[in-house]
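# Geometric and topological summary
Take a look at the letters that make up each chain.
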Amino acid sequence: MKGIVRASKFRHVFGKTVRKEDHYDNIMPGSSAPDSNLCDVNTKYFGLPWRGGGGPFVVWPLAKTGRLPAAVPMLSGHGGPVMDLAFSPFHEEVIASASDDCTVKVWEFPVDGPTEDIHASSLSFGGHTKKVILVRWNPVADNVLASVSFDNTVKLWDVTRGSEAYSFSDHPDAIQAIDWNFFGSKYATYCKDKKVRIIDPRNNVAAASFDAGHQGTKGAKVCFLGDRKIFCTIGFSKQSERQIFFWDERDTSKSLSELQIDIASGTLIPFYDHDTSLLYLAGKGDTNIRYFEIEDDAPYQHYVAMFSGKDPQRGICMQPKRACDTHNCEIAKFVRLTANSLEPV
């Protein structure tokens, strides 16, 4: 006889914060970019925009927990606040930064982290005409970097040659989100005109363009779900309900499923784990992280549980899976940015 409880390997997944002494304290976050995660992390370091002139940011080793020194080494070469950071998925000591000064910079720093201020980046790209708000590395092709700007363009940079490879400029309004697919062959954008565009960078054309149906005016996100043919968009209704819609990449004429999550003002940031098929949603200003199990058949998602912390998160980022301690049954690791500390989960 079939049980009434759905079988799942992840019914008992739970989140746990580390001890207070293993947090990172005495931090001074810089600009609060609405469309950015604000911080980034890899297996060895975290990166965070820092308060101060010239657009500085800090790269700090994860092994050095506790209180950061007052004179922390900084990377400062921008002429305006840093809006977004992204570590290279192929090189631990390489990070890209997007800034209010219309530039994208790529930095290399010493193994074990900077020990003194770094003022000169390895590469600087200046093709945008307005501030750059997002940077994303291609997950498959080494040294391919995408940047999003308020000039309504997406530019792809060839970091090996130090030059612009492609520029896509068919967005009529501000771009709020970008995400590469699992194979790195396409990327999707969410625009302020409430449309999602799936773009083939090799042909530099939109392979699909459709209205995502989120009628709210606040920021929205788009997220590919691993190698599945379905993907999701996260946004708001007119009544400020936070929503998640699921779509089939092969037919975007109608959403596959729609879920109303709650009513809140913070944008939900999605993180998908291909290995476990879990989708994590963390809202700016929230104290929690929700997670859902994704499958290929309706209703496409199943709520699993929710982690709740003490302090609201200003930003959040997910570590690569190789950082997980499998002997302790870890399946995901996050770093939450609160008012004055970074909290590993």
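What counts as what
Residues numbered from 1 in each chain as written. Predicted model: local features only at pLDDT ≥ 70, side-chain atom pairs only at ≥ 80, totals over all residues. Heavy atoms only, no water. Phe/Tyr/Trp six-rings, centres within 6.5 Å; stacked < 30°, edge-to-face > 60°. Helix = DSSP H or I, 4+ residues; strand = E, 2+ residues; numbered from the N terminus. Buried < 20%, exposed > 50% of the residue type's maximum accessible area, 1.4 Å probe, protein only. Pairing = 2+ DSSP bridges. Axes fitted to C-alpha atoms, helices over the stretch in contact; angles between N-to-C directions. 1 Å grid on protein atoms, 1.4 Å probe; cavity = no way out; pocket = protein on both sides within 12 Å on 5 of 7 lines; lining within 4 Å. Points joined across faces, edges and corners; volume = space filled by probe spheres on them. Nonpolar A, V, L, I, M, F, W, Y, C, P; charged D, E, K, R; others polar. Salt bridge = Lys/Arg side-chain N within 4 Å of Asp/Glu carboxyl O.

## Observations regarding the packing of aromatic side chains
Inspection of the entire model under this criterion finds 13 aromatic pairs. Aromatic side chains Tyr-45 and Phe-109 sit 5.0 Å apart centroid to centroid with 90° between the ring planes, which places their arrangement in the edge-to-face category. Of this pair, Tyr-45 sits in strand β3 (residues 45-49) while Phe-109 sits in the loop between β8 (104-108) and β9 (123-125), placing them 64 residues apart in sequence. When the centroid spacing of 4.7 Å and the interplanar angle of 50° are considered together, the rings of Phe-210 and Trp-247 count as tilted. You can see Phe-210 sitting in strand β17 (residues 205-211) and its partner Trp-247 sitting in strand β20 (residues 241-248), a full 37 residues away along the chain. Of the residues examined, Trp-247 reaches a relative accessible area of 4% and is grouped as buried.

## A short note on the pairing of strand β23 (residues 278-283)
A large share of β23 lies buried, amounting to six of its six residues. Burial along β23 is two-sided: the face carrying Leu-278, Tyr-280 and Ala-282 and the face carrying Leu-279, Leu-281 and Gly-283 are both buried. One ladder, built from six bridges, connects strand β22 (residues 268-273) with β23; its direction is antiparallel. Looking across to β23, one finds that Phe-271 is bridged to Tyr-280.

## Description of the sheet that holds strand β18 (residues 221-224)
Note: strands within a sheet are paired through backbone hydrogen bonds, in either parallel or antiparallel orientation. Pairing is antiparallel across the open sheet formed by four strands, whose spatial order is β18-β19-β20-β21. Lying at the two open borders of the sheet, with one neighbouring strand each, are β18 and β21 (257-263). Taken over all neighbouring pairs, the strand axes of this sheet differ in orientation by 20° on average, direction set aside.

## Looking at the sheet that holds strand β2 (residues 40-41)
Read from one edge to the other, the open sheet built from three strands follows the order β2-β3-β4, with strand pairing classed as antiparallel. Only two strands of the sheet have a single neighbouring strand rather than two, namely β2 and β4 (57-61). One ladder, built from two bridges, connects β2 with β3; its direction is antiparallel. Considered in β3, the bridge of Asp-40 is made with Gly-47.

## Points about unusual backbone geometry
Omega for the bond connecting Ala-298 with Pro-299 falls within 30 degrees of zero, at 5°, which places this linkage in the cis form. Looking at the element boundaries, Pro-299 is found in the loop between β24 (288-294) and β25 (301-308). Notably, Cys-102 is not glycine yet its phi reads approximately 75°, a positive angle. Mapped onto the secondary structure, Cys-102 falls in the loop between β7 (94-99) and β8. Positive phi, normally seen in glycine, also occurs at Asn-204, with a value near 55°.

## Remarks on the layout of surface pockets
It is the rolling of a water-molecule-sized probe over the atoms that shows where space remains empty. One number sums up the size of the largest pocket: a volume of about 1,400 Å³. Residue lining of the largest pocket: 42 residues in total, with Pro-139, Asp-179, Phe-271, Tyr-272 and Met-318 positioned closest to the centre. Only β2, β6 (82-87), β10 (132-137), β14 (175-180), β18, β22 and β26 (315-318) provide two or more residues apiece to the lining of the largest pocket. Per-class residue counts for the lining of the largest pocket are 25 nonpolar, eight polar and nine charged. Its volume calculated, the second largest pocket comes out at about 780 Å³. In terms of lining residues, the second largest pocket is bounded by 29 residues, among which Lys-16, Glu-330, Ala-332, Lys-333 and Val-345 are the most central. Counting residues per element, the ones that place at least two in the lining of the second largest pocket are β24 and β27 (334-337).

## Things to note about the pattern of salt bridges
Note that side chains of opposite charge can pair when their charged atoms are close. Tallied over the entire structure, the rule returns 20 salt bridges. For Asp-25, the salt bridge goes to Lys-20, with nearest N and O atoms at 3.9 Å. Among the residues examined, Lys-20 registers a relative accessible area of 53% and is labelled exposed. The residue Arg-250 makes a salt bridge to Asp-248 at a minimum N-O spacing of 3.0 Å. With a relative accessible area of 62%, Arg-250 lands in the exposed category. Note on Asp-248: relative accessible area 14%, which makes it buried.

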